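# Structural characterization, general
Below are the chains, spelled out letter by letter.
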Amino acid sequence: MIHTAEIKNELLQSILDHIDSSYMVTTNQREGLATEWQSIANADELLRIWENQAIVSVDLDYFDQTIVEVLKQMSEKEKLDFIKTSQLIWRTIEEEHLYMDPDFLEYRIRHLVYSGVFKMKGIPKNMRRYFVCLQKEE
């Protein structure tokens with residue numbers, strides 16, 4: 001689960017009831033976390049990932065090859081040229097165990113369309129209204 005909104009109220013209450021005070025953040029820890037957050041928030045990088053217990057800055061195209069590979073797998077498995085964008089996004093999130101906003105992946109898919117890697121069919125009003133496939137090399 002990514003958000004507490006996905007947890008049933010009873011289970012969430014049970015979790016909160018069993019929180020041990022030894023897990024509470026101390027004032028010094030809180031100040032350290034606030035300082036760390038300020039340095040991250042003030043940095044110029046646009047995309048960061050969690051890797052090896054640390055926040056790491058990566059290029060915006062970091063997930064592009066992953067998206068392309070998932071589309072290839074889906075196309076081969078389902079014997080379809082065009083795949084619904086929303087299905088591609090969710091399959092990428094599931095297979096790669098990503099904890100991220102699906103809108104970012106849609107942004108990257110549109111970038112792949114506009115840069116000629118993918119071809120699009122449908123209305124790009126939202127991720128459920130258009131399909132993508134790999135651009136065939138001529």
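Residues numbered from 1 in each chain as written. Predicted model: local features only at pLDDT ≥ 70, side-chain atom pairs only at ≥ 80, totals over all residues. Heavy atoms only, no water.

## Structural notes on a nonpolar patch on the surface
A cluster of nonpolar side chains, L16, I19, Y23 and M24, forms an exposed patch at the surface whose accessible area comes to about 470 Å². Topologically, I19 is positioned in the loop between α1 (9–17) and α2 (27–41). Judged by its relative accessible area of 44%, I19 falls in the partly exposed class. (Patch = residues over 30% accessible without salt bridge, like charges linked within 9 Å, V, L, I, M, F, W, Y side chains within 5 Å. Areas by Shrake-Rupley, 256 points an atom, 1.4 Å probe, with all protein chains shown as cover. Salt bridge = Lys/Arg side-chain N within 4 Å of Asp/Glu carboxyl O. Helix = DSSP H or I, 4+ residues; strand = E, 2+ residues; numbered from the N terminus. Buried < 20%, exposed > 50% of the residue type's maximum accessible area, 1.4 Å probe, protein only.)

## Structural notes on the pairing of strand β5 (residues 130–134)
Where strand β3 (residues 83–84) and β5 come together, two bridges link them in antiparallel fashion. Residue pairing across strands places I83 opposite V132, the latter belonging to β5. Pairing analysis gives five bridges linking strand β4 (residues 118–122) to β5, with the strands arranged antiparallel. Note on β5: the bridge partner recorded for K121 is F131. (Pairing = 2+ DSSP bridges.)

## What about the environment of V132?
Relative to the helices and strands, V132 resides in strand β5. Placed 50 residues apart in sequence, V132 and F82 show a C-alpha to C-alpha distance of 5.1 Å. Contact partners of V132, with chain neighbours within four places excluded, come to L71, D81, F82, I83, T85, L88, I109, V113, F118 and K119. (Contact = heavy atoms within 4.5 Å.)

## Examining helix α5 (residues 102–114)
For α5, with 13 residues, the first-to-last C-alpha span of 19 Å sits near the 18 Å given by 1.5 Å per residue. Those residues of α5 lying buried are P102, F104, L105, E106, R108, I109, L112 and V113. Residues of α5 that are buried in the fold lie against β1 (47–51), α3 (64–78), α4 (85–96), β4 and β5. Its side-chain oxygen 2.9 Å from the backbone nitrogen of D103, D101 forms the N-cap of α5. Of the residues one or two after α5, G116 is the one with positive phi, at around 90°. (Expected span 1.5 Å × (residues − 1). Polar contact = N/O pair within 3.5 Å; in protein donor to acceptor, adjacent residues only side chain to side chain.)

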